[in-house]
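# Per-entry structural report
Residue strings, one per chain:
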Amino acid sequence: MKSVKTKGILYSLSLILLAVLPLGFGAYFSFKKILVSEVNQAIVRVAEETADHLNSYIEQFIAPLVGISQNEQIISMDWPLQRDILNAQINPYYLSVAVLDSKGNAHYVDETTLDLSDREYITEALSGNISFSEVITSRKTGEHVIMVAVPIFKDKVIQGALIARLNDDFLSDFALTRGYGENGRAYIISDNGAFISRPQQEKDDTTLNIYEAAQKDNSFDAFAEFVQNSNSKQSGFGSYAFQDEQILMGYASVHETNWKIYVGTVEDEALDNLIHLAKTFIGLIIVSLIFCSLLAFYVVRRFVKPIVELSSLFAKGALGNLTVRFMPKSNDELGSLGQSFNRMMDSIKTLTQYDPLTSLLNQYVLEKEVETLVNSEGSQKLSLIMVAIDKFSSINNSFGYAMGDAVLCEVAVRIAKCTPGDYQLYRYKGDEFIVMGTKFPVGDELYTISQKILAALHERYQIKGKNISIDVSIGIFLWTEETRAEEPLKAVTNAMNYARYIGSNQIQKYNPLIHANLLGIRQLQTDIISGISEEQFSLVYQPMVDLENRKVVQIEALIRWKHPKRGLLYPDQFIDLAEQNGTITNIDIWVMNNVCKQIKAWKDIRQKPFIISINVSAKTFEDKKFVPIIVDIMNQYGIEPSLIQLEITERMAIKNVDESIMKLNELRTMGIRIAIDDFGIGYSSLSYIIRLPIDSIKIDKSFIQNMNKSKEARALVSTIISLCKTLKYNVIAEGIESIEELDYLKENECDVGQGYYFSKPVSIEELVKNCQAG
Ligand code: C2E
Ligand code: CA
Ligand code: CA
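Along every chain, residues carry numbers that run from 1 in the direction the sequence is written. The lettering of chains begins at A and the numbering of ligands begins at 1, in the order of writing. Owing to the predicted nature of the model, reporting of local features is limited to residues with pLDDT of at least 70; listing and counting of side-chain atom pairs is limited to 80 or more, with chain, interface and lining totals taken over all residues. Calculation of side-chain values draws on the structure's entire complement of heavy atoms; hydrogens and water are dropped beforehand.

## So, the overall build of the protein
For the protein, the helix and strand inventory stands at 27 helices and 28 strands. C-alpha atoms define the radius of gyration in this analysis, and the globule rule sets the expected value at 2.2 Å times the number of residues to the power 0.38. For a compact globule of 774 residues, the expected C-alpha radius of gyration is about 28 Å, and the protein comes in at 68 Å, more than 25% above that figure. Seen through its principal axes, the protein has C-alpha atoms that stretch 205 × 55 × 45 Å. Here the term buried applies to any residue with accessible area under 20% of the maximum for its type, exposed to any over 50%, and partly exposed to those in between, with areas from a 1.4 Å probe on protein chains only. Counting the 774 residues in the protein, one finds 48% classified as buried. Residue contacts follow a heavy-atom distance rule, with two residues in contact if any of their heavy atoms lie within 4.5 Å. At a minimum sequence separation of 6, the contacts of the protein that also span at least 24 residues come to 61%. To be clear on the numbers: accessible area is Shrake-Rupley with a 1.4 Å probe, and residue cover counts the displayed protein chains and nothing else. Total accessible area on the protein is roughly 39100 Å²; 54% of this is exposed by carbon and sulfur atoms. This count recognises Lys and Arg as positive and Asp and Glu as negative, with His and chain-terminal groups excluded. By convention, charge coordinates are those of NZ in Lys, CZ in Arg, CG in Asp, or CD in Glu. Here the protein holds 77 positive side-chain charges and 95 negative ones, and the gap between their average locations is 15 Å. Helix and strand definitions follow DSSP, with helices as H or I runs of at least four residues and strands as E runs of at least two, each counted in order from the N terminus.

Listed below in structure tokens is the structure:
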């Protein structure tokens, strides 16, 4: 049994049945009781009336006999006299009348005489009582007869008796008419069980006694028992079984005789009305049941409707349809259940569809929507922009997770501002966000949006009193014939990873080549560690020259990788990759070690060492153990700190200015020099640079190379130089390739220069040789 509705209907019907049936049966049985007692009283009444009637009939019947018995001539007991009287008085009711003498001999008018002294009723009569015989066989005619005997008294002394024969048919008819009901029967039975009268139907049965009848035919057993039990009572009623029927029977004694009248009726017949009543009852019960069922159906359906509705809503919700809501129609518990359901669905929707941190739609929703789009005809309209924060973990590491969360929220807000209304923004994974378009992009729309996002995310973040900046990488996926076979989310992730590989703050559109490239990139990344242990890396050195006297003042160590399969690799081909997978710190430590080894080697042969400048990557610089590691290595080789210069970029230095200042101060206190590398291409403001404890500034080679192309570049370089002079920094110009560049820099009082014009990066042996030659 599944549905609440069926249960409700069945329960209520059971309740109705439970109420109606006992009521019906109770009423039926109490009616039956009343009716049976009514019938019983009625049959007893009929029996009594019949008894009275029979009594008066008998009285009437014997009255003429009693009158004759008092006749003088009869009393005389003189037969001839008596005969005359009998002849004259013949009563049509008496079939034959005779005078009985005191010896029991009966004298008939036809002059026959019979000895009846052995008959019971004769003895009774001769003892002075009016008596009736039972049904006996007449000795005179051989017929079944009932005899009545009236004693003849003379001065209260019995002289004899008058006897008359009764036709038992008369009594039978009498009894018959007194039956109760259509098939009712009446009997007259003496105390001995003799049938005085039987109903017409039983006339063929010659048995004269009920007990005899019971012996012959056991269907009379119960009747015989009933008769026996009634023997001692004047009147009463009861019932007994007779031939598959229950007979209700009343009885009453007939005065002056030892007879009883039994009036019986078939119970079913007597209770015919009751059966009728029962049928009516059953009919009524059925009608009321049908009515109640319909009512129950209607009421239950009405009550159960919201439950059924809720159950189907729950089922839909369970299948993932979170838009279903219940419309409460009542204020009862069901109504509030419905409202709770709605609130629950709202919460589930929020929990399952929205990212709790940024309140943006989440990865789950994005993946589902992309999947539906891909499988629909609209797949060609799908476009994706993935924005990922580079090295996001370093924000968590440096400032804690609360700061990381705050940055993510701010990034979400900024991307949202750049997202057009017909695009949707999602938080994908961790530090990745995705902007999805579902219409054909117009022109370079996706690129324009990406650039806006890039610019917006590049603005510095003022969060919790900190001022930080981030780098991002952006990938674009657009449906084309070429990209149709790709999984859009994987493709856009690859594009973003590729953008990250080519450098920070890049935008990369997906094309199938990227995938292959990325595979190569991954391989290269895994090769780094083995490359270090297998001594595949080496250092080359490029001199920094005093522009006045052309003397080498410092040299910069630059790394090279002799890859067993790919040949000689330049830093641009692997430094970023090493930054991405974290192996850059291993590289930086390797460089530091090798630089120190070189200085020690010079010291060992007592040659004047060069000050060596080392490039430090962001990840290594941000490491809390950065300073101790440097100190440790220098101590290991016994190197004076003043022989080491560290090159860091502006971005690295100002990412977390306060911490940078602390570290740089520590290093400078030891005597280590600090140079800002690639100066000018960063986005830092001067106010930050001024605060940094540094020794030199290396003007990025792009400015030097632009000098001969534009007046503005020249102006910018001279401004930077004079600014650095004011701030008392050494100025080093990178990438000097021509005499013109050199002249301009000298004119503007630049101190030191570096570039192919002086020397390409070369091995240490070559560099030393060149210096000696120069
Ligand atoms: P950087 O620190 O700016 O290094 C100077 C780069 O400019 C070197 O490229 C050098 O070969 C190149 N260069 C020097 N003079 C000229 C010139 O006149 N014209 C032109 N076009 N280029 C010139 P390189 O060696 O390929 O290094 C590239 C970058 O890789 C470096 O830029 C530096 O940021 C990084 N790098 C190099 N070695 C290391 C290292 O050992 N550790 C780390 N962390 N980064 C390194
Ligand atoms: Ca450098
Ligand atoms: Ca540089």
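Picking up where we left off.
## Considering the coordination of the calcium ion (ligand 2)
Metal donors: N, O and S atoms at distances within 2.8 Å, or within 3.2 Å for Na, K and Ca, with water omitted from the atom set so that some sites may seem incomplete. The calcium ion (ligand 2) binds to the protein through Glu 556 (OE), Asn 615 (OD1), Glu 647 (OE) and Asp 677 (OD); the donor distances cover 2.1 to 2.4 Å. The metal-metal distance between the calcium ion (ligand 2) and the calcium ion (ligand 3) comes to 3.9 Å, with Asp 677 coordinating both. With Asn 615 in strand β23 (residues 611-615) and Glu 647 in strand β24 (residues 644-649), this residue pair connects regions lying 32 residues apart in the sequence.

## Remarks on the coordination of the calcium ion (ligand 3)
Note on the calcium ion (ligand 3): its protein donors are Asp 677 (OD), Asp 678 (OD), Glu 734 (OE) and Glu 734 (OE). The metal-donor distances range over 1.9 to 2.5 Å. The sequence motif formed by the donor residues of the calcium ion (ligand 3) is D-D-x55-E.

## Here's the deal with helix α1 (residues 4-69)
Helix span, as expected, comes to 1.5 Å for every residue beyond the first. For α1, spanning 66 residues, the distance from its first C-alpha to its last is 94 Å, which sits close to the expected 98 Å at 1.5 Å a residue. To get the bend at any residue, fit one axis to the seven residues that end at it and another to the seven that begin at it, then take the angle between the two axes. For α1, the principal kink sits at Ile 62 and spans about 35°; a proline, Pro 64, occurs within the next four residues.

## Comments concerning the environment of Arg 651
Structurally, Arg 651 can be placed in helix α21 (residues 650-655). Its relative accessible area of 23% is what places Arg 651 among the partly exposed residues. Considered as a pair, Arg 651 and Ile 470 are 181 residues apart in the sequence and their alpha carbons are 9.5 Å apart.

## A closer look at helix α26 (residues 739-747)
Every buried residue of α26 is listed here: Glu 741, Leu 742, Tyr 744 and Leu 745. Buried residues in α26, looked at end-on, bunch into an arc of 165°, giving them a common side. In α26, the exposed residues that point more than 90 degrees away from the buried face are Glu 740 and Glu 747. Turning to α26, the residues buried within the fold contact α24 (701-706), α25 (711-726) and β27 (730-733). Phi turns positive one or two residues past the end of α26, at Glu 749, with a value near 60°. To be clear, the arc concerns the directions from the helix axis to the C-beta atoms.

## Side note on the packing of aromatic side chains
Each pair of aromatic rings taken from Phe, Tyr and Trp, with Trp reduced to its six-membered ring, is defined by centres within 6.5 Å and is described as stacked if the planes are under 30 degrees apart, edge-to-face if over 60, and tilted in the remaining cases. Scanning the model with the defined rule gives 20 aromatic pairs in all. Relative to Trp 561, the ring of Phe 537 has its centre 4.8 Å away and its plane inclined at 25°; by these criteria the two rings are stacked. Here the residue Phe 537 occupies a position in strand β20 (residues 537-546), and Trp 561 occupies one in strand β21 (residues 552-563), the gap between them amounting to 24 residues. As far as the burial class goes, Phe 537 and Trp 561 line up, both buried. The interplanar angle of 85° and the centroid separation of 5.3 Å between the aromatic rings of Tyr 757 and Phe 758 together place this pair among those described as edge-to-face. Three or more aromatic residues link up through ring pairs in this structure, and these residues are Tyr 187, Phe 195, Phe 223, Phe 226, Tyr 240, Tyr 251 and Tyr 262. Remark: a charge is flagged as sitting over a ring if the NZ atom of Lys or the CZ atom of Arg is within 6 Å of the ring centre and within 35 degrees of the ring normal. Directly above the ring of Tyr 461 sits Arg 414, whose terminal nitrogen or CZ lies 3.6 Å from the centroid. Here the basic side chain of Lys 663 rests over the ring of Phe 621, its NZ or CZ set 5.3 Å away from the ring centre.

## Considering the sheet that holds strand β19 (residues 507-509)
Strands sit in the order β14-β15-β13-β18-β19 across an open sheet of five strands; the sheet is mixed. Both outer strands of the open sheet, β14 (423-427) and β19, are each paired with one neighbouring strand and no more. Neighbour-to-neighbour, the strand axes of the sheet open up by a mean angle of 20°, direction not taken into account. The criterion for strand pairing is that DSSP finds at least two bridges linking the strands in question. In terms of strand pairing, β14 meets strand β15 (residues 432-437) through five bridges, oriented antiparallel. Within β15, the residue paired with Tyr 426 across the bridge is Ile 434. Sheet strands touched by helix α15 (residues 488-502): β13 (383-389), β15, β18 (472-478) and β19. Its angle to β18, the strand with the most contacts, is close to 140°. Axis lines are fitted to C-alpha atoms, over the contacting stretch for helices. Their N-to-C directions set the angle, which ranges from 0 to 180 degrees.

## What about the environment of Glu 579?
Inspection of the secondary structure puts Glu 579 in helix α17 (residues 571-581). Of the residues examined, Glu 579 reaches a relative accessible area of 12% and is grouped as buried. A sequence separation of 23 residues divides Glu 579 from Glu 556, and the C-alpha atoms of the two residues are 20 Å apart.

## Quick word on a nonpolar patch on the surface
Surface patches are drawn from residues lacking salt bridges whose relative accessible area is over 30%; two like charges belong together within 9 Å, two nonpolar side chains (Val, Leu, Ile, Met, Phe, Trp, Tyr) within 5 Å. Take a side-chain nitrogen of Lys or Arg and a carboxyl oxygen of Asp or Glu: if they are within 4 Å of each other, that pair is a salt bridge. A surface patch of nonpolar side chains, amounting to about 530 Å² of accessible area, comprises Phe 291, Leu 295, Tyr 298, Val 299 and Phe 303. Along the chain, Phe 303 falls in helix α9 (residues 272-318).

## Some words on the side chain of Gln 645
Position of Gln 645 among the secondary structure elements: in strand β24. The exposure class of Gln 645 is buried, given its relative accessible area of 0%. Side chain to side chain, Gln 645 and Gln 554 meet in a polar contact 3.1 Å long. Aside from chain neighbours lying at most four places away, what touches Gln 645 is Gln 554, Ile 611, Ile 612, Ser 613, Ile 614, Arg 673, Ala 675 and Ser 696. Throughout this description, a polar contact denotes any pair of N or O atoms lying within 3.5 Å of each other; where both atoms belong to protein, one of them has to be capable of donating a hydrogen while the other can accept it, and for residues adjacent in sequence the pair is counted only when both atoms sit in side chains.

Note that every value here comes from positions in space, so none of it alone points to a role or purpose.
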